[in-house]
Amino acid sequence: MRAILQRVNFASVKVDKKEVSRINKGLLLFVGFGKEDTEEDLKYIFKKVVNLRIFEDENFKMNLSVLDKNYEILVVSQFTLYGDCRKGNRPSFDLSMSSVDAREKYEEFLKLFYVNNISIKTGVFQADMKVSLENDGPVTIQLDSKRTY
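Bear in mind that the values here come from a model prediction, so they are computed numbers and not experimental data.

Caption draft 1: Structural context of the overall build of the protein chain. For the protein chain, the helix and strand inventory stands at 3 helices and 8 strands. In the protein chain, the succession of helices and strands from N to C terminus is β-β-β-α-β-β-α-β-α-β-β. A compact globule built from 149 residues should have a C-alpha radius of gyration of about 15 Å, and the protein chain, at 15 Å, falls within 12% of that. Taken over the C-alpha atoms alone, the protein chain extends approximately 45 × 35 × 35 Å along its principal axes. In the protein chain, which comprises 149 residues, the proportion classed as buried is 41%.

In C-alpha cells form, the structure reads like this:
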C-alpha cells in the first residue's frame with residue numbers, strides 16, 4: 001500500500017461540482033493499493049498516519065501527531081500512486097490492485113479508523129474528484145508499506 005500525506009490548513013473534495021468532503025487543519029491522505037497488499041500493509045500505513053509527528057509543538061519542532069493535535073483527516077483513494085514511469089512515457093499500472101479488490105481494501109482501511117474511534121472524512125471511491133487544498137509548510141510525506149522508499 002502506498003500513501004501520500006500532506007499537512008494542510010484545509011482540503012476539500014468535489015464530485016460533479018458538489019462538495020462531498022471538507023476538513024480544516026489536518027492531513028490530506030491519498031491512498032493506493034497494490035496487487036500484493038494484505039491486512040498487515042493496511043495496518044502499517046494506518047499506524048504511520050495517525051502517529052507520524054509532523055505537527056509543531058510549542059517549540060516549533062515537528063513533534064506532534066494529528067491525534068495529539070486533534071486535527072482532521074481526509075482520505076482520498078488514488079490508484080495512480082502505483083503508476084510506474086520507469087519505462088516509456090505512459091505510466092504502467094501493472095502493480096495496481098484491480099478496482100474491485102481495491103474498493104474492498106479501501107473499505108478495510110477506513111474501518112481501521114472507525115474501530116479506533118478516529119473520525120475521518122473521505123472522497124468517493126473511483127469517482128472523478130476535484131481536490132483542493134492549502135498545503136501547510138509545505139509538508140508532504142510518502143509512505144510505502146513494502147518500505148521501498
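Caption draft 2: Structural view of the environment of N89. Looking at the element boundaries, N89 is found in the loop between β6 (72-77) and α3 (99-115). Exposure remark for N89: the relative accessible area of 83% places this residue in the exposed category. Distance from N89 to F10, taken between C-alpha atoms, is 33 Å for residues 79 residues apart in sequence.

Caption draft 3: Local environment of unusual backbone geometry. Residue P138 is bonded to the preceding G137 through a cis peptide linkage, with omega at 0°. Following the sequence through the fold, P138 ends up in strand β8 (residues 129-144). Unlike most non-glycine residues, D16 shows phi in positive territory, near 55°. Secondary-structure assignment places D16 in the loop between β1 (2-15) and β2 (18-23). Looking at D16, the relative accessible area reads 66%, which means it is exposed.

Caption draft 4: α3, seen in detail. Counted at 1.5 Å a residue, the expected span for α3 with its 17 residues is 24 Å, and the 24 Å between its end C-alpha atoms agrees. In this fold, the buried residues of α3 make contact with β3 (26-32), α1 (39-51), β6 and β7 (121-122). In the segment just after α3, N117 is the residue with positive phi, at about 55°.

Caption draft 5: Quick peek at the pattern of salt bridges. Counted under the stated rule, the structure contains 12 salt bridges. For K43, the salt bridge identified is with E39, shortest N-O distance 3.2 Å. Of this pair, K43 and E39 both sit in helix α1, separated by 4 residues, roughly a single helical turn. As a salt-bridge pair, K121 and E72 come within 3.5 Å of each other at their nearest N and O atoms. Of this pair, K121 sits in strand β7 while E72 sits in strand β6, and the two are 49 residues apart along the sequence. If you follow the salt bridges from partner to partner, you end up with R7, K25 and D136 in one network.

Caption draft 6: Spotlight on the packing of aromatic side chains. For the structure shown, the criterion picks out 5 aromatic pairs. For the pair F79 and F93, a centre-to-centre distance of 4.9 Å together with 55° between the ring planes defines the contact as tilted. Of this pair, F79 sits in the loop between β6 and α3 while F93 sits in the loop between β6 and α3; the two residues are 14 residues apart in sequence, bridging distant segments of the chain. Judged by relative accessible area, F79 falls into the exposed class, the value being 53%.

What counts, and at which threshold
- Per-chain numbering applies: the sequence of each chain, read as written, is numbered from 1 onward.
- Per-residue local features are limited, in this predicted model, to residues with pLDDT of at least 70; the limit for side-chain atom pairs, both in listing and counting, is 80 or more; totals at the level of whole chains, interfaces and linings are taken over all residues.
- As a rule here, side-chain values cover all heavy atoms of the structure and leave hydrogens and water aside.
- Per the convention used, a helix needs a DSSP run of H or I reaching at least four residues, while a strand needs a run of E reaching at least two, with both numbered from the N terminus.
- The quantity called the radius of gyration is restricted to C-alpha atoms. Its globule counterpart is 2.2 Å times the number of residues to the power 0.38.
- Burial classes: relative accessible area under 20% of the type maximum marks a residue as buried, over 50% as exposed, and values in between as partly exposed (1.4 Å probe, protein chains only).
- Residue count minus one, scaled by 1.5 Å, sets the expected span of a helix.
- Whether two residues touch is decided by their heavy atoms; if any such pair falls within 4.5 Å, the residues are in contact.
- Salt bridges are defined as contacts in which a side-chain nitrogen from Lys or Arg sits within 4 Å of a carboxyl oxygen from Asp or Glu.
- Between rings of Phe, Tyr and Trp, where Trp is taken as its six-membered ring, a pair exists when centres lie within 6.5 Å; planes separated by under 30 degrees are stacked, by over 60 edge-to-face, and by other angles tilted.

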